[in-house]
Amino acid sequence: MQDYEESVSFLGNWGPFQRKIFFVLLIACIPSGYSTLAVIFLLASPTHQCSIPANSNLSQEWIQASIPVQPGGGMSERSTCSRYELNLVKNLSAMGASTNWIQNHSLPGLNSEVLVPTLNQEECEDGWTYSTEFYQSTVVTEFDLVCREQWKQPLTSLLFFLGGTCGCFISGQISDRFGRKPVLFGCIGMLSIFTVAAAFAQSWPVFAFCFFMLGVGQISGYVIVFVLGMCSEIFVGSTRIIFSTLWLNAGYALAMMLMSATAYLVRSWRYLSLLMAVPGLACIPLWWLIPESPRWLVSCGCLNKADLIVRSAALENRVKAPSVIFTTTEVRMSVWSHSFLDLLKTTNIQHVTMKLWFMFSSYLAYFGLIFSMSSLYGNPYLNHFLLATVEIPAYLVSWLLTQNFPRRLCFISFVLLGALALLCTQIVTDSHPAVIMFLVLLSKFGVLTGIGVLYVYSGELFPTVIRNTAMSSCAMFTRVGSSVSPYLMELVGIFEFLPSILMGALLLLSVLLCIFLPETFRQPLPDTIQQMPLMRW
């Protein structure tokens with residue numbers, strides 16, 4: 001099947017059939033992109049403080065004075081998890097003490113050296129009051145995932161990413177065995193079903209389960225669309241490159257921008273979760289428009305079905321198909337005989353696979369930047385909109401690069417740019433938020449450009465018989481890296497710049513590993529494991 005592209009070359013690169021599939025696949029990737037930022041907006045943690053019951057009969061001044069002021073980040077901040085003992089505050093208010101006096105005098109009957117700020121504090125026994133400046137409600141405010149329950153915040157994000165890890169592992173093998181199309185629509189269906197289920201969750205455990213299942217379908221659907229479009233399974237020639245490096249990723253980024261705009265307009269997490277199901281439901285009619293991968297059908301010996309799809313495409317393109325498109329003398333490569341373990345079968349594919357797994361785990365920096373954006377100064381919706389917007393020029397550049405330059409050179413150059421910009425954020429003070437924002441956007445631009453090239457590079461390295469399994473395994477490792485990102489942000493408490501240093505070091509190590517991979521620029525795609533290019537080391 002080394003001549004597959006030659007066998008279907010009579011279709012051309014950009015006929016009515018290719019144009020239809022091109023735009024249909026773009027629509028099919030929107031549900032995955034739209035749900036990416038769910039981990040940000042549904043799990044947002046607004047500023048909060050202990051709630052003071054309305055029946056406490058305290059004035060607004062006394063309510064504010066009952067929250068301790070603590071030093072933090074070079075400035076004083078009100079405590080989020082404690083308050084002065086409410087009965088004590090009530091007594092002071094009843095005595096007629098002023099809130100100015102409370103900060104400068106000791107209490108009657110107490111040692112004169114004991115000031116009120118050093119008195120006993122208690123936990124938020126009456127719950128919390130949350131700021132509604134940016135969010136009307138979130139999962140955090142709904143289930144009070146703060147203070148003693150704060151550990152559930154990063155755990156929920158972790159479950160989302162672990163769902164993606166499991167989904168990539170399972171869906172890749174299933175789609176290599178049973179076809180791309182049924183698994184693609186299965187993933188899209190999961191997104192719609194579990195976003196609706198999450199909207200009606202009445203407890204954190206139920207929501208966490210739905211969020212895990214949401215993660216299962218989110219990245220898996222994207223990977224299958226990528227394989228259909230990029231790996232010469234439907235598109236060939238220049239159409240394959242422009243779809244995989246530019247338009248598919250631009251569609252994904254536009255979906256993220258749309259999610260930011262939707263979250264800005266719909267600030268209740270339950271309604272937002274319901275709206276997340278709409279793109280998936282809108283994709284149902286696409287079942288009758290997206291064909292099974294003819295290349296996959298040929299690879300598993302289903303020549304008649306592949307022939308039927310290609311002849312139908314020829315009718316749409318108004319070209320004459322040859323009497324015999326796929327000959328029985330072509331090599332039959334049964335995907336049923338290949339599994340995940342084949343990625344480690346020979347020394348050559350083992351070295352390629354393990355290096356790519358690590359390089360894809362550098363996706364940690366991608367989600368690390370997204371999580372860090374939530375803590376930057378300014379409107380979080382605008383921040384994430386800008387962070388999604390910068391992906392479009394990044395993918396445009398990656399497309400131009402893959403058209404004209406070697407893969408390794410492109411990946412190394414731009415990931416280095418992203419790493420250096422990320423490390424430079426350490427030398428800029430908080431008094432220059434615009435500069436920090438620029439460096440963060442530049443870092444994401446570099447990282448995304450490199451990753452855009454890496455997806456194409458990986459698809460060209462792996463053979464047809466195991467390509468979807470291989471790409472799904474790589475996507476699985478993006479989720480392994482992403483799973484760490486919520487906890488990575490917790491390291492700020494140890495050292496402010498530690499997350500940036502770790503992300504930068506990971507990117508630099510990925511650059512080093514890329515040097516030893518074989519170049520695939522303008523080389524034919526391998527169909528069997530034996531046809532894979534040899535490792536340089």
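Here's what I pulled together on the structure shown here. The structure presented is a predicted model; accordingly, all values stated were derived computationally and were not measured. (Residues numbered from 1 in each chain as written. Predicted model: local features only at pLDDT ≥ 70, side-chain atom pairs only at ≥ 80, totals over all residues. Heavy atoms only, no water.)

### Regarding the overall build of the protein chain
- Within the protein chain, the secondary structure is distributed over 23 helices and six strands.
- Burial status across the protein chain gives 58% buried among its 537 residues.
- Across the protein chain, the fraction of contacts at a sequence separation of at least 24, relative to all contacts at a separation of at least 6, is 80%.
- Carbon and sulfur atoms provide 64% of the accessible area of the protein chain, an area that totals close to 22,400 Å². (Helix = DSSP H or I, 4+ residues; strand = E, 2+ residues; numbered from the N terminus. Buried < 20%, exposed > 50% of the residue type's maximum accessible area, 1.4 Å probe, protein only. Contact = heavy atoms within 4.5 Å. Areas by Shrake-Rupley, 256 points an atom, 1.4 Å probe, with all protein chains shown as cover.)

### Description of the nonpolar core
- In this structure, Phe41, Leu42, Phe207, Phe211, Ile290, Leu356 and Phe462 are the most contacted members of the largest nonpolar core, which totals 143 residues.
- No other element matches the 16 residues that helix H10 (residues 204–230) contributes to this core.
- In this structure Phe207 touches Leu42, Leu43, Val139, Phe143, Thr156, Ala198, Ala201 and Trp269, once residues within four positions along its chain are discounted.
- One finds Leu58, Ala65, Tyr84 and Val89 within the second-largest nonpolar core, a separate group that totals nine residues. (Core = buried A, V, L, I, M, F, W, Y, C linked by side-chain atoms within 4.5 Å.)

### What to know about the pattern of salt bridges
- Scanning the entire structure with this criterion turns up ten salt bridges.
- One salt bridge connects Glu122 with Arg83, and the closest N-O pair in it is separated by 2.8 Å. Of this pair, Glu122 sits in strand S5 (residues 121–123) while Arg83 sits in strand S4 (residues 82–84), placing them 39 residues apart in sequence.
- On the accessibility criterion, Glu122 (18% relative accessible area) is buried. (Salt bridge = Lys/Arg side-chain N within 4 Å of Asp/Glu carboxyl O.)

### Structural notes on the packing of helix H16 (residues 347–361) against helix H21 (residues 433–461)
- One can describe the packing of H16 onto H21 by two numbers: an axis separation of 12 Å at closest approach and a directional angle of 165°. As judged from the angle between their axes, H16 and H21 are roughly antiparallel. The hand of the H16/H21 crossing is left-handed. Residue-level inspection shows Val352, Leu356, Met359 and Phe360 of H16 in contact with H21, the latter providing Leu454, Tyr455, Ser458 and Leu461.
- Class assignment of the residues belonging to the contact of H16 with H21 gives a composition of seven nonpolar, one polar and no charged. (Axes fitted to C-alpha atoms, helices over the stretch in contact; angles between N-to-C directions. Parallel < 35°, antiparallel > 145°, perpendicular 65-115°, else oblique. Left-handed = near helix turned anticlockwise from the far one by under 90°. Nonpolar A, V, L, I, M, F, W, Y, C, P; charged D, E, K, R; others polar.)

### As for the side chain of Ser473
- Residue placement: Ser473 occurs in helix H22 (residues 467–488).
- Looking at Ser473, its side chain comes within polar contact range of the side chain of Trp357, at 2.9 Å. (Polar contact = N/O pair within 3.5 Å; in protein donor to acceptor, adjacent residues only side chain to side chain.)

### What to know about empty space enclosed by the protein
- Counted under the stated rule, the structure contains four cavities of 30 Å³ or more.
- Elements with a contribution of two residues or more to the lining of the second largest cavity: H10, helix H11 (238–265) and helix H19 (391–404).
- Across the lining of the second largest cavity, the residue classes break down as seven nonpolar, one polar and one charged. (1 Å grid on protein atoms, 1.4 Å probe; cavity = no way out; pocket = protein on both sides within 12 Å on 5 of 7 lines; lining within 4 Å. Points joined across faces, edges and corners; volume = space filled by probe spheres on them.)

### Remarks on the packing of aromatic side chains
- Throughout the structure, instances matching the rule amount to 19 aromatic pairs.
- Judged by centre distance (5.4 Å) and plane angle (70°), the rings of Phe160 and Phe161 are edge-to-face. Across the pair, Phe161 and Phe160 agree in class, each one buried.
- Consider the rings of Phe207 and Trp269, whose centres lie 5.5 Å apart with planes at 85°: the pair is edge-to-face. (Phe/Tyr/Trp six-rings, centres within 6.5 Å; stacked < 30°, edge-to-face > 60°.)

### Examining the state of the cysteines
- Under the definition given, this model contains two disulfides.
- Cys81 shares a disulfide with Cys147; S-S distance 2.0 Å. Note on the Cys81 and Cys147 pair: the S-S dihedral is about -100°, so by sign convention the disulfide is left-handed. Of this pair, Cys81 sits in the loop between strand S3 (75–78) and S4 while Cys147 sits in the loop between helix H7 (139–143) and helix H8 (152–178), and the two are 66 residues apart along the sequence.
- Here Cys81 falls in the partly exposed class, since its relative accessible area comes to 29%.
- Each bonded cysteine of the protein chain gets a number by its place in the sequence, and the pairs then read 1-3, 2-4.
- Lacking any disulfide linkage, Cys29 is separated from the closest cysteine sulfur, that of Cys283, by 8.8 Å. (Disulfide = S-S within 2.5 Å.)

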